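An overview of the molecular structure
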Amino acid sequence: MVNNTKNQTLSFFYDRSMTDYDKFIKWWSTCDENEIASNSLLLSSYRIMCLYNEVRNGGFEQFWNFTENSKWDMERTEKIFKWFLPREFFDLFIQAFNSRKNGENCEKYNSLFDYGTMENKVLPKLAERVVNNFKNKVTLTEYDLIEGIAPYLKQQGYKKKNKRWTKVCGEFTLSFYIQGSAFDIDNYYIRPGVFVNGIEQVGLDFYGHFAIDLKQESLEQVIRDYEQFIKEWTDKPLIKERLLRFNKWERWHPFEKRREMSAKKLYKLFFQNDSLLIGCYVFFSVNDVLKKYILQNY
């Protein structure tokens, strides 16, 4: 059965007569926390607005009463606030929260709350991010991916450095890399890679000698696609078979000819009715040294 109420709630995100902030406030005022629990951007934005609203109208004591009545999981709230709140607001939140846990009065923190910055910078930016989230139909935020994938990779024996997890596996090093966008704070890329140990890294090999981009539909889908990727690209007979097919395709379609083709012809060449390229697109970014090594050793 279609939830008409939910569809009507979301439709205003496409209303050009409304500002992003107005859309955000309307969404917040009608939001059901249960429906956004799996999206930490939406949940944190909702709760940050609640923080501002309660402190603004009654102080931190009123905010704590609100969180208790709403049965918030404060451990998760602290985690998402640390990720999405500016440092000065998060630090104040923690100070007030610790005072609350120690049974102290929190009213002294009310005057330290920077309402101007919250109203003029923090909330408008959150509004923009929430609106873009709905417009772009984001289902898996970077925060949620990291929270979900980190325990899985740790269990598999990966070591973490920043947003890259690696694991040596025989002749290969497996890599799971999350790259943020330089243009959009809420956009990111999942770039798994496989390095062939002993082969020099050049150019795009930063992501892996064999590397792809993964879709961001769900944590389960990311794990499933990643496992399939590393299974295929550590299978030496399969890698060699694919390279032989790729080399055959390149002999038929040399770069000099491809360079003279129109965009329409190139699209047809790359993506339509050519079984030789199935599973072989990775080789467009594989260097010649590695290709020679594969042919000689796999």
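Here is a short report on the structure shown in this document. (Residues numbered from 1 in each chain as written. Predicted model: local features only at pLDDT ≥ 70, side-chain atom pairs only at ≥ 80, totals over all residues. Heavy atoms only, no water.)

**A word on the overall build of the chain**
The helix and strand tally for the chain stands at 14 helices and five strands. In terms of C-alpha radius of gyration, the chain reaches 25 Å, well past the compact-globule figure of 19 Å for 298 residues. Taken over the C-alpha atoms alone, the chain extends approximately 75 × 45 × 40 Å along its principal axes. Looking at the chain as a whole, 42% of its 298 residues qualify as buried. Put simply, 58% of the contacts in the chain that link residues at least 6 apart link residues at least 24 apart. Accessible surface, the chain as shown: approximately 17,100 Å² in total, 50% of it carbon and sulfur. (Helix = DSSP H or I, 4+ residues; strand = E, 2+ residues; numbered from the N terminus. Rg over C-alpha atoms; globule rule 2.2 N^0.38 Å. Buried < 20%, exposed > 50% of the residue type's maximum accessible area, 1.4 Å probe, protein only. Contact = heavy atoms within 4.5 Å. Areas by Shrake-Rupley, 256 points an atom, 1.4 Å probe, with all protein chains shown as cover.)

**Quick word on the packing of helix H11 (residues 236-252) against helix H14 (residues 288-297)**
In the contact formed by H11 and H14, the axes pass within 10 Å of each other and the chain directions differ by 125°. The orientation of H11 with respect to H14, classified from their angle, is oblique. Note that H11 runs across H14; the crossing there is left-handed. In contact with Ile239, Lys240, Leu243, Leu244, Phe246, Asn247 and Glu250 of H11, H14 contributes Lys291, Ile294 and Leu295. Tallied by class, residues from the contact of H11 with H14 come to six nonpolar, one polar and three charged. (Axes fitted to C-alpha atoms, helices over the stretch in contact; angles between N-to-C directions. Parallel < 35°, antiparallel > 145°, perpendicular 65-115°, else oblique. Left-handed = near helix turned anticlockwise from the far one by under 90°. Nonpolar A, V, L, I, M, F, W, Y, C, P; charged D, E, K, R; others polar.)

**Points about the packing of aromatic side chains**
All told, the structure shown has 34 aromatic pairs when counted by the stated rule. For the pair Phe60 and Tyr109, a centre-to-centre distance of 6.4 Å together with 80° between the ring planes defines the contact as edge-to-face. On the criterion of sequence distance, the pair formed by Phe60 in helix H5 (residues 60-69) and Tyr109 in the loop between helix H7 (87-101) and helix H8 (115-135) is long-range, its members being 49 residues apart. No difference in accessibility class separates Phe60 from Tyr109, as the two residues are buried. A ring pair is formed by Tyr158 and Tyr226, whose centres lie 6.3 Å apart and whose planes are at 55°; its orientation type is tilted. In this pair, Tyr158 is assigned in the loop between helix H9 (142-155) and strand E1 (159-161) and Tyr226 in helix H10 (residues 219-232), connecting sequence segments 68 residues apart. For Tyr158, a relative accessible area of 9% gives the class buried. Assessed through its relative accessible area of 1%, Tyr226 is described here as buried. Sitting above the plane of the Tyr189 ring, Arg191 keeps its charged end 4.7 Å from the centroid. (Phe/Tyr/Trp six-rings, centres within 6.5 Å; stacked < 30°, edge-to-face > 60°. Lys NZ or Arg CZ within 6 Å of the ring centre and 35° of its normal.)

**Focus: the sheet that holds strand E2 (residues 164-169)**
The strand order across the open sheet built from five strands is E1-E2-E3-E4-E5, with neighbouring strands paired in antiparallel fashion. One side of each edge strand has no neighbouring strand; the edge strands of this open sheet are E1 and strand E5 (210-211). In terms of strand pairing, E1 meets E2 through three bridges, oriented antiparallel. Bridge pairing in E2 links Lys160 to Trp165. (Pairing = 2+ DSSP bridges.)

**Considerations on the pattern of salt bridges**
Counted according to the given criterion, the structure contains twelve salt bridges. Between Lys125 and Glu128 there is a salt bridge; the shortest N-O distance is 3.8 Å. Placement of both Lys125 and Glu128 in helix H8 is noted, with a separation of three residues, approximately one turn of the helix. Judged by relative accessible area, which is 34%, Glu128 ranks as partly exposed. One salt bridge in this structure joins Lys215 and Glu217, with 3.7 Å as the shortest N-O distance. (Salt bridge = Lys/Arg side-chain N within 4 Å of Asp/Glu carboxyl O.)

**Description of the nonpolar core**
Trp27, Phe60, Trp64, Phe93, Phe113 and Met118 are the most contacted members of the largest nonpolar core, which has 46 residues in total. Listing elements by their share of this core, those giving two or more residues are helix H2 (20-30), helix H4 (40-58), H5, helix H6 (74-84), H7 and H8. With ten residues, the single largest contributor to this core is H4. Residues contacting Phe60, with those up to four places away along its chain left out, are Leu51, Val55, Leu92, Ala96, Cys106, Glu107, Tyr109, Asn110 and Phe113. Counting residues in hydrophobic clusters, the runner-up holds 38 residues, among them Phe176, Ile178, Val286 and Ile294. (Core = buried A, V, L, I, M, F, W, Y, C linked by side-chain atoms within 4.5 Å.)

**Comments concerning H10**
The terminal C-alpha atoms of H10 lie 20 Å apart, and with 14 residues this matches the ideal 20 Å at 1.5 Å per residue to within 8%. Taken together, the buried positions of H10 are Gln221, Val222, Ile223, Tyr226, Phe229 and Ile230. (Expected span 1.5 Å × (residues − 1).)

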